[in-house]
Amino acid sequence: MTASNPIRTRIAPSPTGAPHIGTAYIALFNYAFTKRMGGQFILRIEDTDQTRYTRESENAILEALRWMRLAWDEGPDVGGPFGPYRQSERFAMYRDHGLRLVEAGHAYPCFCTGARLVKLREEQVKTKANPGYDGHCESIPPEEARRRVAAGELHVVRMKIPADGECVFRDRIRGEIKIAWTGVDRQVLLKSDGYPTYHLANVVDDHLMGITHVLRGEEWISSTPKHVLLYKYFGWEAPEFAHLPLLRNPDKSKLSKRKNPTGILYYRDAGYLPEALNNYLGLMAYSMPDGREIFSFDELAATFDLDRVSLGGPVFDLQKLANFNGQYLRRMDVRALADRATSWKLNPSLWQRILPLVQPRINTFSELVPMTAYFFADQLHYPPAALITGDIDGLRTARLLKIAQWEIEKTAAWTSEVIKAIFIGMAEKETLKLKTLLMPFFVAITGAPVSLPLFESMEILGKDMVLRRLQYALEALAGQGFTIKGKELKQLEAVYEAACAASKTFITS
RNA sequence: GCCCCCUUCGUCUAUCGGUUAGGACACCAGGUUCUCAACCUGGGAAGGUGGGUUCGACUCCCGCAGGGGGCGCCA
């Protein structure tokens, strides 16, 4: 690369949930690659799905990536010459570009209803045909299509796909990849609400922002032909693509929060150091030329080489991460350790949130630390049988914990009031007294059936930690033989959601 | 079902045609220590499978199997 053609990369998270460890992993590789090559690393917020977007999530992403010290050169908070860096603020650009494609005959308005699409899919499944849009509206004469659009008929814009041949593109670490056009669907570019889909927005933005290298997860390989084709339609040069292997659960499936903690902020709250986490992530699908395993951010960035990326999906191993974190902790001098521990949770501002909960319950300071210890822990140690309380048996306890997980995952806001509402709602559905329902949760969250107020505790602990403790509780119950297996679990979820939709009583038993 | 990607110890990986296949986490044993960690020493543990190519394959090619991903008006 020459100075006049510096490389530019980006990380483009979607603010629809808790910031994911996979985002940090991809960001780290982009960051290291960019620093090595001497370019700019951009943060772009992909908030084109207005139905799922939350502001809390966007803030959490910035907070999490900042905590990871993955500093971006341009982004929604720091600005930059290619802004805005939030897709919702670039709305008009996508519309213009989408329409440009329609005029050029590369895309067309599609008036098909959701109902028709559902029916089409059902038929395709039944006849074992490839699922995908059938091109129904592609044959509408442009004149007529224009008239119907002008008349305000609801529509989307779809891209045209070649009828035959194949798309050949180069992946920087995998080599040539060929995908037949018949296997690529006629992607919606502009949704009926006028927002672009990821595919359009990502191509338009990457071009306009001068992105030269796209390092992303391998889940994108199969939609790369659409992107390549869009670049061609626009007459733009496509960036280089490099698809990194996905982080995996111990069972090799794609890393998911149901099987592993995936929230970046969970790791912070559980007492991991960002440098240890970065170091560990740098070992996923990558190795240093000299075989070193302990290395800093800067050392990784100084030597990073895409050719050293390995392709097997790495299993995210909490034990090794914990060991690395321990090594970093041990290496620190006591002064630094004190500072870091203090800025973690041993600070006055956290105490000021916790203290009001204990103040009415203590006679001496000596009771303080024992009573609040669970705020500073990750996994709690209690006998698994303690989770089974009152008239609620083990299996029902497991189901209740599971339902609470779903409810908590669904909520964006995180205050004790919101949490309280969730549990009151659950108690009503279950026709249980709130007090009775809460018993196993007291144990799961605070480690004891008698403790400080639960909802406030959950608020202070944070959503990720609460979810994690529910998971630990579920595992403890599973150890006692109370486990909900795959099929039952799916059934429970389906029945429960149906009951929610109908706002009916739902009693797990 | 169709398409694509992947395949070295349990896990993360080194190896880029010739190595006793190396390291790390985890595990086991011993040592050290007021306990426990930490630390030190040692140990078990791997190239999915069948064909090629080659004097020689973990390494290159093909088939199969296994794993993963994708097939949304989600990203």
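Predicted model only: the values in this text are computed from it and were never measured.

Packing of helix H16 (residues 416–430) against helix H17 (residues 434–446) leaves a shortest axis separation of 9 Å and a crossing angle of 115°. Handedness of the H16/H17 crossing: right-handed. Contacts from Phe-423, Ile-424, Met-426 and Ala-427 of H16 reach H17 at Leu-434, Leu-437, Leu-438 and Phe-441. Split into classes, the residues belonging to the contact of H16 with H17 amount to eight nonpolar, no polar and no charged.

This structure, assessed with the given rule, holds 33 salt bridges. With its nearest N and O atoms 3.2 Å apart, the salt bridge here joins Arg-172 to Asp-307. Placement of Arg-172 in the loop between strand S5 (166–171) and strand S6 (175–180) and of Asp-307 in the loop between helix H10 (297–303) and helix H11 (318–331) is noted, with a sequence separation of 135 residues between them. Here Arg-340 and Glu-275 are joined by a salt bridge, their closest N and O atoms 2.8 Å apart. Remark: Glu-275 occurs in helix H9 (residues 274–281) and Arg-340 occurs in helix H12 (residues 334–344); sequence separation between them is 65 residues.

What follows deals with the protein's contact with RNA strand B. What surrounds RNA strand B is a group of 49 residues, the closest being Thr-48, Arg-174, Lys-191, Ala-285 and Glu-293. If you look at RNA strand B and keep only atoms within 4 Å of the protein, 80% of those are sugar or phosphate atoms. In this structure, a base oxygen belonging to RNA strand B sits 2.8 Å away from a side-chain N or O atom of Ser-192. Val-315 is positioned such that a nitrogen or oxygen atom in its backbone is 3.0 Å from a phosphate oxygen of RNA strand B. When residues of the surface near RNA strand B are traced back to their parent elements, those giving at least two are strand S4 (156–159), S6 and H11. Per-element accounting of the surface near RNA strand B gives the leading share, four residues, to H11. Classifying every residue of the surface near RNA strand B by side-chain character gives 16 nonpolar, 13 polar and 20 charged.

Attention now moves to the packing of aromatic side chains. On inspection of all chains with the given rule, the structure shows 21 aromatic pairs. A ring pair is formed by Phe-29 and Phe-304, whose centres lie 5.6 Å apart and whose planes are at 85°; its orientation type is edge-to-face. Of this pair, Phe-29 sits in helix H1 (residues 21–37) while Phe-304 sits in the loop between H10 and H11; the two residues are 275 residues apart in sequence, bridging distant segments of the chain. Summarising the burial analysis for this pair, Phe-29 and Phe-304 share the class buried. With a relative accessible area of 2%, Phe-304 lands in the buried category. The rings of Tyr-266, Tyr-267, Tyr-272, Tyr-280, Phe-316 and Phe-324 are connected pair by pair, giving a single aromatic cluster. In this arrangement the basic side chain of Arg-148 is found over the ring face of Phe-111, its NZ or CZ atom lying 4.1 Å from the centre. Sitting above the plane of the Tyr-133 ring, Arg-158 keeps its charged end 3.7 Å from the centroid.

Looking at where Asn-249 falls in the secondary structure, it is placed in the loop between strand S9 (240–244) and helix H8 (264–269). Judged by relative accessible area, which is 0%, Asn-249 ranks as buried. Looking at Asn-249, its side chain comes within polar contact range of the main-chain nitrogen of Ser-256, at 3.1 Å.

The rules behind the values
Residues numbered from 1 in each chain as written. Chains lettered and ligands numbered in written order. Predicted model: local features only at pLDDT ≥ 70, side-chain atom pairs only at ≥ 80, totals over all residues. Heavy atoms only, no water. Axes fitted to C-alpha atoms, helices over the stretch in contact; angles between N-to-C directions. Helix = DSSP H or I, 4+ residues; strand = E, 2+ residues; numbered from the N terminus. Left-handed = near helix turned anticlockwise from the far one by under 90°. Contact = heavy atoms within 4.5 Å. Nonpolar A, V, L, I, M, F, W, Y, C, P; charged D, E, K, R; others polar. Salt bridge = Lys/Arg side-chain N within 4 Å of Asp/Glu carboxyl O. Near = heavy atom within 4 Å. Polar contact = N/O pair within 3.5 Å; in protein donor to acceptor, adjacent residues only side chain to side chain. Phe/Tyr/Trp six-rings, centres within 6.5 Å; stacked < 30°, edge-to-face > 60°. Buried < 20%, exposed > 50% of the residue type's maximum accessible area, 1.4 Å probe, protein only. Lys NZ or Arg CZ within 6 Å of the ring centre and 35° of its normal.

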